[in-house]
Amino acid sequence: MYFDGLRERLRAEIGQTDMHRLFASVRRRHPVFKNYRSIDAVLFALENRAAVGYRAQDELLRALVLLTQRRPAQRIWQLLLSYAFFPALLLVRASTVSREESGDLDGFLWSSFFEILHTYPVKRRSGSVAQGLIMDTKKHYFRTLAQAHDAEEQRRRLVRDTYRFRDPHVGVYLVMGMFPRTPNALAYAHAVVRAAPLTPLDQDLLALTDIEGYSMKEYMDVRHLTTGDENRDRRERNRLWRRRLRARMQLQEFLKTRFIYCPVL
């Protein structure tokens, strides 16, 4: 499960020296943080509404959401909100299916939260920021699940009724973008990737870059891998390029043996 151990990893990253240094520099210029001498004080306020009061916590959340939207390169604000909302997101996740049946649901939920977080109209929206973020995330999450379910059903019908491999290279042509970009062809290419024995991360990487045509930078932005640190982002792009190359080779070998004259299931 993607969420296993995630909160501990978030807390460890928040506790890094550069995060404390960044918070200290922003605190001097931001009036909302005048009562919070450190990141630990912010975390305490986010986790203990009864101790700090509803109004103070809501004011703090509004400031963190605005900083997340205005300064996306400063990961500390997103990390603080991710840590704070982790228990609520676990409750949303628990309302779907069991851990053993998780599949891509953890990723869907996390992506939904980030999308809402970066677009939430905090200045125009009245009421509780915490409730608003969770409600919007739930709506987006379950809408995404419904769309994914419909797409999966369409894919199964498409595969069952239409396509069969006659050439071991056909799947490679589809996945690498060397095919007419019609809805059926795109759906078929996604079916090929999903059927292959690749990790979910590799399937996602091929689906967005090789099939949907995302650049590696766009992929990193969509999956919230961009940090704003040029050197770190360049290393991450190089790592993703190498991983994609390995995934392509694994896919090609798989198609040569597994899918000749066989339906995609």
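These figures come from a predicted structure and were not determined experimentally.

K.L.:
Would you take a moment to explain the pattern of salt bridges for this structure?
P.N.:
Opposite charge on two side chains lets them pair, provided their charged atoms get close. Evaluation of the coordinates by the stated rule reveals twelve salt bridges. Between D202 and R243 there is a salt bridge whose closest N-O contact spans 2.9 Å. Taken together, the residues span a long stretch of sequence, with D202 in helix α11 (residues 200-211) and R243 in helix α13 (residues 230-258) at a distance of 41 residues. With a closest N to O distance of 2.6 Å, R239 and E236 form a salt bridge. Linking R239 with E236, this pair stays in helix α13, spanning three residues, or about one helical turn. Each member of the salt-bridge network shares a partner with another, and the members are D210, R244 and R248.

K.L.:
What's the story with the packing of helix α10 (residues 183-195) against α11 in this structure? I'm lost.
P.N.:
In contact at an axis separation of 9 Å, α10 and α11 are set at 155° when each is read in the N-to-C sense. Accordingly, the angle class assigned to the pair α10 and α11 is roughly antiparallel. Crossing of α10 over α11 shows right-handed handedness. Facing L186, A189, H190, V193 and R194 of α10, the residues of α11 in contact are Q203, L206, A207 and I211. Broken down by class, the residue content of the contact of α10 with α11 amounts to six nonpolar, two polar and one charged.

K.L.:
Please explain a positive patch on the surface as it appears in this structure.
P.N.:
A surface patch of like charges, here positive, comprises R28, R29, R70, R71 and K123. Relative to the assigned elements, R71 resides in the loop between α5 (54-70) and α6 (75-94).

K.L.:
Would you explain the packing of α6 against helix α7 (residues 105-119) in this entry?
P.N.:
Following both chains from N to C, one finds α6 and α7 inclined at 130°, their axes separated by 11 Å at the closest point. With respect to α7, the element α6 is oriented oblique. Considering the relative orientation of α6 and α7, their crossing is right-handed. Of α7, the residues touching α6 (which contributes Q78, L81, S82, F85, F86, L89, V92 and R93) are L105, D106, L109, W110, F113, F114, L117 and H118. Residues belonging to the contact of α6 with α7 are distributed by class as follows: eleven nonpolar, three polar and two charged.

K.L.:
I would appreciate a short explanation of the nonpolar core in the present structure.
P.N.:
The tendency in soluble globular proteins is for nonpolar side chains to be buried side by side. Counting residues in hydrophobic clusters, the biggest one holds 47 residues, and the most contacted among them are F33, L60, L64, W77, L80 and F85. For this core, the secondary structure elements donating two or more residues are α1 (6-14), α2 (17-27), α3 (39-47), α5, α6, α7 and α8 (129-161). Broken down by element, the residue count for this core peaks at eleven residues, all from α6. Within the second largest apolar cluster, 13 residues are counted, among which are Y188, A196, L206 and I211.

K.L.:
In this structure, what is going on with the side chain of D58? I would like to understand it.
P.N.:
Relative to the helices and strands, D58 resides in helix α5. In this structure D58 comes out as buried when scored by relative accessible area, which is 11%. With residues near it in sequence (within four places) discarded, D58 still touches G127, S128 and V129.

K.L.:
Any chance you could explain α10 here in plain terms?
P.N.:
Owing to its 3.6 residues per turn, the α-helix brings residues three or four apart onto one side. Taking 1.5 Å of rise per residue, the 13 residues of α10 would be expected to cover 18 Å, and the 18 Å separating its terminal C-alpha atoms lies within 8% of that figure. For α10, the set of buried residues is A185, L186, A187, Y188, A189, A191, V192 and V193.

K.L.:
Help me understand the packing of aromatic side chains, please; the structure alone is not making it clear to me.
P.N.:
Aromatic ring pairs are reported here in terms of the distance separating the ring centres and the angle at which the planes meet. Counting across every chain of the model gives eight aromatic pairs. A ring pair is formed by F113 and F114, whose centres lie 5.9 Å apart and whose planes are at 50°; its orientation type is tilted. Residue classification places F113 among the buried positions, given a relative accessible area of 0%. Among the aromatic residues, those joined into a ring-pair cluster are F85, W110, F113 and F114. Cation over ring: R7 sits above Y83, and NZ or CZ is 4.0 Å from the ring centre.

K.L.:
Any chance you could explain α3 here in plain terms?
P.N.:
When we look at burial in α3, the residues that qualify are I39, V42, L43, A45 and L46. Down the axis of α3, the smallest arc covering the buried residues is 160°, so these residues share one side. Elements in contact with the buried residues of α3: α1, α2, α4 (49-52), α5 and α6.

K.L.:
What is the right way to read the confidence of the model for the protein from this model?
P.N.:
Looking at the protein, the pLDDT average stands at 81 and 80% of residues meet or exceed 70. Scored below 50 in pLDDT, residues 161-168 makes 24 contacts in the model with residues more than four places away or belonging to other chains. For the stretch residues 259-265, pLDDT sits under 50, and the model shows 23 contacts to residues farther than four places along the chain or on other chains.

The rules we used
- Residues numbered from 1 in each chain as written.
- Predicted model: local features only at pLDDT ≥ 70, side-chain atom pairs only at ≥ 80, totals over all residues.
- Heavy atoms only, no water.
- Salt bridge = Lys/Arg side-chain N within 4 Å of Asp/Glu carboxyl O.
- Helix = DSSP H or I, 4+ residues; strand = E, 2+ residues; numbered from the N terminus.
- Axes fitted to C-alpha atoms, helices over the stretch in contact; angles between N-to-C directions.
- Parallel < 35°, antiparallel > 145°, perpendicular 65-115°, else oblique.
- Left-handed = near helix turned anticlockwise from the far one by under 90°.
- Contact = heavy atoms within 4.5 Å.
- Nonpolar A, V, L, I, M, F, W, Y, C, P; charged D, E, K, R; others polar.
- Patch = residues over 30% accessible without salt bridge, like charges linked within 9 Å, V, L, I, M, F, W, Y side chains within 5 Å.
- Areas by Shrake-Rupley, 256 points an atom, 1.4 Å probe, with all protein chains shown as cover.
- Lys, Arg positive; Asp, Glu negative; His and termini not counted.
- Charge placed at Lys NZ, Arg CZ, Asp CG, Glu CD.
- Core = buried A, V, L, I, M, F, W, Y, C linked by side-chain atoms within 4.5 Å.
- Buried < 20%, exposed > 50% of the residue type's maximum accessible area, 1.4 Å probe, protein only.
- Expected span 1.5 Å × (residues − 1).
- Phe/Tyr/Trp six-rings, centres within 6.5 Å; stacked < 30°, edge-to-face > 60°.
- Lys NZ or Arg CZ within 6 Å of the ring centre and 35° of its normal.
- Arc of directions from axis to C-beta.
- pLDDT = per-residue confidence, 0-100.

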